[in-house]
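Listed below are the residues making up each chain.
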Amino acid sequence: MTTILRLPGDPADATLPALLLRDAEDHGDLPALSWRTGEEWSTLTWREARREVAVLAAGYTALGVERGEHVLMMLGNRPEHWLSDLALVHIGAVPVTVYGTAAPEQVAHIVRHSRARVAIVEGAGELPRWEPLLADDTAPLRRLVVVEAAEAGEHRTYGSLHATGSRRYDPEAFEKAWRECRPGDPLTVVYTSGTTGDPKGVRLSHRNILLNGIALDTIVEVPDHVGHICYLPFAHIAERLLGIYLPVLRAGHVHLCADPAQVAATARELRPSQFFGVPRVWEKLAASVRAALAALPEERRRVIEEAGDTARAHLACRERGEEPPAPLRAAYAEAKERVLDPLLALAGFDRLVWTASASAPMPPEVSRFWAGFGLVIMDAWGLTETSGVVTANAPGAFRLGSVGRPIEGVEVRAAEDGELLVRGATVFDGYLRADGGVDDARDEDGWFATGDIGRVDTDGYVWITDRKKEMIVTSTGKNVSPALVENALKEHPLIGQALVHGDGRSYLVALLVLDAEVAPAWAAARGVEGDLVSHPAVREEVARAVEAANARLNRTEQVKRHRLLADEWGPATGELTPSLKLRRRVVRAKYEQVIEGLYTP
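Keep in mind that this is a model prediction, so the values were computed, not measured.

Asks: Talk me through the packing of aromatic side chains; I want residue IDs and the actual numbers.
Replies: In total, this model carries 15 aromatic pairs according to the counting rule given. Judged by centre distance (6.1 Å) and plane angle (50°), the rings of Trp 46 and Trp 82 are tilted. Placement of Trp 46 in helix 2 (residues 46-63) and of Trp 82 in helix 3 (residues 79-90) is noted, with a sequence separation of 36 residues between them. Owing to a relative accessible area of 0%, Trp 46 belongs among the buried residues under this scheme. For Trp 82, a relative accessible area of 0% puts it in the buried group. Measuring from ring centre to ring centre gives 5.3 Å for Phe 275 and Phe 349, while their planes differ by 45°; the resulting arrangement is tilted. Here the residue Phe 275 occupies a position in strand 12 (residues 274-276), and Phe 349 occupies one in the loop between helix 13 (326-347) and strand 13 (354-357), the gap between them amounting to 74 residues. Among the aromatic residues, those joined into a cluster by ring pairs are Tyr 231, Phe 275, Trp 282, Phe 349, Phe 369, Trp 370 and Phe 373. Cation over ring: Arg 413 sits above Trp 447, and NZ or CZ is 4.7 Å from the ring centre. Sitting over the face of the ring of Tyr 599, Arg 505 holds its NZ or CZ atom 4.2 Å from the ring centroid.

Below is the structure:
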């Protein structure tokens, strides 16, 4: 919990600009934002960052951006994005980040729906999706600001906008503008990534976001002014919270990682105190570690496995709220010092005090794997519509497999059909309409139906089963959670991705994808060469993995037939959302004939 920072007034009345002023006044010399410039890091302090925000605010005002209007951004994790987001907030505009992988029709939908006149884009790679809308009479878009000056063409450059802001910066006008912000004003609109249909615009206020951040901060134990590696897209509510809003609340230090593929290298360099990853990120990191461990001599692997067993036993006592026995404490301390910490140091994870995941159910096997290194991944649960976090595990109170207990100020209950309902001050006020109004999605008592199926146990911990709309109903009327079955299949290291199908059918089938990092190491250790997908040894091992998963599932949940696929699924090819959630509809459509073949005798 952050204890050294003053809040400027009642938390419910706070605004993000008021907190940024506090940071500049109280912690002005501390680092706020760092990014790569070649091989070196460039850094702005909180005082310098606020000055840059003020300059950009003047530049966007000169461009004609008005209070209350939406401004779209399609940029990577770079300083121009972070600073522009805050600058727009200070003049009362509403920043809206669009996923860099968004298709042209998705961009057009968001432009029309948000009624945005201005968009800020990175460079030539984005222009083909945006330029046609400038000439489209049905679209309100009138101006593009391009960050990469050499690729801007006839469009306004970010550099020229910054220069205009420097000339027109008026301290008195800047201070007056942000003080007109009200806690109930929209802080951002986040368009959901769209696992099905067009994305919806979720409007979130200063009060929604900051009360959520303050509540989370009371249960998260991190150092003062904690650093954060910012690598997920800012279009994702988790990164907006962790990469912009919480650092302003905490006067923290954001390290921008422009290339998500470099996050592991960045962690090794920075050795962070906290790290957040969606389940797929933790799965990929675990796969890399497994591949490295597989290459070690058997004796060394056995030492690591024994240390892992000790760590898991120690964690089990903590999970039950028990003090570990003295011999176990001593054994864990030795294992941690001699085996686990040196291994974690290789990944830059030896200083971690808070590790977390959200966005989708965490495979239990992945949690158990990291527990063997003494890391408890604090699973949390939330939605864009709830400003991020609804429930979270905490270092002093957690249950592996659950998503923790509700944060302060939030209520959770299960409806008769198992759908989880949420109520509280951090729940949004509605979905944005194309006319600028909002459609309130809460019932008359203030409850928001999340679309997630789960339960609340007697200790208040919430357990998620699956998304309501993704539940499989077999031809016999049985309900099956595909995520539960898929996670069981992925417990075998060879299986990196899985999709289970069976809606309206008499049995389940599965599409499986080999783990891109583990599979080559597994094959090399066994002398397996050539095309792994078609190799008999690989197919036999995958079949055994399916049998092992079935042994842990009830009859309705068991997979009768499966197919091993060659290509990994990802956002670029459409099977995953930008936040790495599985787009089941896309996968089913892409492999429709393969799925039908699994039901053909």
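Asks: Which residues make up the side chain of Ser 402, and what values go with them?
Replies: Along the chain, Ser 402 turns up in the loop between strand 15 (391-392) and strand 16 (405-406). Separated by 3.1 Å, the side chain of Ser 402 and the backbone nitrogen of Gly 404 make a polar contact. Aside from chain neighbours lying at most four places away, what touches Ser 402 is Asp 379, Asn 393, Tyr 461, Val 462 and Trp 463.

Asks: Would you mind going over the nonpolar core in detail, with residue names and values included?
Replies: Core analysis: the biggest nonpolar cluster contains 121 residues, and Tyr 60, Trp 82, Phe 349 and Trp 370 have the highest contact counts within it. Val 480, Ala 498, Val 500 and Trp 522 belong to the second largest nonpolar core, which has 27 residues in total.

Asks: So what about the environment of Asn 393? Which residues, and what values?
Replies: Mapped onto the elements, Asn 393 comes out in the loop between strand 15 and strand 16. Setting aside chain neighbours within four positions, we find Asn 393 in contact with Met 378, Asp 379, Phe 398, Arg 399, Ser 402, Val 403, Gly 404 and Tyr 461. Here the side chain of Asn 393 touches Asp 379 through a polar contact of 3.0 Å, landing on its backbone oxygen. Engagement of the side chain of Asn 393 in a polar contact is seen with the backbone nitrogen of Arg 399, the distance being 3.0 Å.

Asks: Quick rundown of the sheet that holds strand 25 (residues 495-501)? Include the residues and the values.
Replies: Backbone-to-backbone hydrogen bonds join strands into a sheet, with any given pair of strands oriented parallel or antiparallel. Pairing is mixed across the open sheet formed by three strands, whose spatial order is 25-26-27. One side of each edge strand has no neighbouring strand; the edge strands of this open sheet are strand 25 and strand 27 (559-565). Taken pair by pair, the neighbouring strands of this sheet meet at an average axis angle of 25°, ignoring direction. Sheet analysis places strand 25 next to strand 26 (residues 508-514), joined by six bridges and oriented antiparallel. Paired with Leu 499 across the bridge in strand 26 is Leu 511. Each of strand 25, strand 26 and strand 27 touches helix 17 (residues 536-551); the most contacted strand, strand 27, lies at about 145° to it.

Asks: Could you give an account of empty space enclosed by the protein, with specific residues and numbers?
Replies: Tallied over the full model, the rule gives two cavities of 30 Å³ or more. Taken as a whole, the largest cavity spans an internal volume of roughly 110 Å³. Here the lining of the largest cavity is built from residues that sort into five nonpolar, two polar and six charged. Of the voids in this model, the second largest cavity is the one considered here, and its volume is about 50 Å³. Lining the second largest cavity, in full, are Met 362, Pro 364, Ser 367, Ile 377, Asp 379, Leu 400 and Gly 401. Listing elements by their share of the lining of the second largest cavity, those giving two or more residues are helix 14 (364-371) and strand 14 (377-381).

Asks: Which residues make up helix 7 (residues 171-178), and what values do they have?
Replies: Taken residue by residue, helix 7 has Phe 174, Ala 177 and Trp 178 as its buried positions. Mapping the buried residues of helix 7 onto a view down its axis gives an arc of 85°, with all of them on the same face. Exposed residues lying more than 90 degrees from the buried face of helix 7 are Glu 172 and Lys 176. Contact partners of the buried residues in helix 7: helix 1 (16-26), helix 2 and helix 3.

Asks: Any chance you could break down the pairing of strand 22 (residues 462-467) for me, citing the residues and the numbers?
Replies: Of the pairings in the sheet, the one linking strand 21 (residues 448-456) to strand 22 comprises five bridges and is antiparallel in character. When the sheet's bridge partners are listed, Asp 452 is paired in strand 22 with Arg 467.

Asks: How would you summarise the packing of helix 2 against helix 7 if you had to cite specific residues and measurements?
Replies: For the pair helix 2 and helix 7, interaxial distance at closest approach is 10 Å and the crossing angle is 90°. For the element pair helix 2 / helix 7, the angle class is roughly perpendicular. Residues Arg 50, Val 53, Ala 54 and Ala 57 of helix 2 form the contact with helix 7, whose participating residues are Phe 174, Glu 175 and Trp 178.

Asks: So what about the packing of helix 1 against helix 9 (residues 237-250)? Which residues, and what values?
Replies: Two elements in contact, helix 1 and helix 9, have axes separated by 8 Å at closest approach and are oriented at 50°. One element, helix 1, and the other, helix 9, form an angle in the oblique class. The two elements helix 1 and helix 9 meet at a crossing, and its hand is left-handed. The segment helix 1 lies against helix 9, with Leu 16, Leu 19, Leu 20, Arg 22 and Asp 23 engaging Tyr 245, Pro 247, Val 248, Leu 249 and Arg 250.

Asks: Lay out unusual backbone geometry in plain terms, naming residues and giving numbers.
Replies: Its identity is not glycine, yet Arg 271 carries a phi of approximately 50°, on the positive side. Relative to the helices and strands, Arg 271 resides in the loop between helix 10 (263-270) and strand 12. Exposure remark for Arg 271: the relative accessible area of 30% places this residue in the partly exposed category. Phi at Ser 387 takes a positive value of approximately 65°, unusual for a residue other than glycine. Take Ser 387: it is sitting in the loop between strand 14 and strand 15. Judged by its relative accessible area of 0%, Ser 387 is buried.

Asks: Tell me about the sheet that holds strand 6 (residues 143-146), and please be specific about residues and values.
Replies: As summarised here, the arrangement of the five strands in space is 4-3-5-6-7, forming an open sheet in which the pairing is parallel. A strand with exactly one partner marks an edge of an open sheet, and here the two such strands are strand 4 (94-97) and strand 7 (156-157). In the sheet, strand 3 (residues 70-74) pairs with strand 4 via four bridges, with the strands oriented parallel. Looking across to strand 4, one finds that Met 73 is bridged to Thr 97. The strands that helix 5 (residues 127-134) touches are strand 3, strand 5 (118-121) and strand 6; relative to strand 6, the one it contacts most, it runs at about 155°.

Rules and cut-offs
- Residues numbered from 1 in each chain as written.
- Predicted model: local features only at pLDDT ≥ 70, side-chain atom pairs only at ≥ 80, totals over all residues.
- Heavy atoms only, no water.
- Phe/Tyr/Trp six-rings, centres within 6.5 Å; stacked < 30°, edge-to-face > 60°.
- Helix = DSSP H or I, 4+ residues; strand = E, 2+ residues; numbered from the N terminus.
- Buried < 20%, exposed > 50% of the residue type's maximum accessible area, 1.4 Å probe, protein only.
- Lys NZ or Arg CZ within 6 Å of the ring centre and 35° of its normal.
- Polar contact = N/O pair within 3.5 Å; in protein donor to acceptor, adjacent residues only side chain to side chain.
- Contact = heavy atoms within 4.5 Å.
- Core = buried A, V, L, I, M, F, W, Y, C linked by side-chain atoms within 4.5 Å.
- Pairing = 2+ DSSP bridges.
- Axes fitted to C-alpha atoms, helices over the stretch in contact; angles between N-to-C directions.
- 1 Å grid on protein atoms, 1.4 Å probe; cavity = no way out; pocket = protein on both sides within 12 Å on 5 of 7 lines; lining within 4 Å.
- Points joined across faces, edges and corners; volume = space filled by probe spheres on them.
- Nonpolar A, V, L, I, M, F, W, Y, C, P; charged D, E, K, R; others polar.
- Arc of directions from axis to C-beta.
- Parallel < 35°, antiparallel > 145°, perpendicular 65-115°, else oblique.
- Left-handed = near helix turned anticlockwise from the far one by under 90°.

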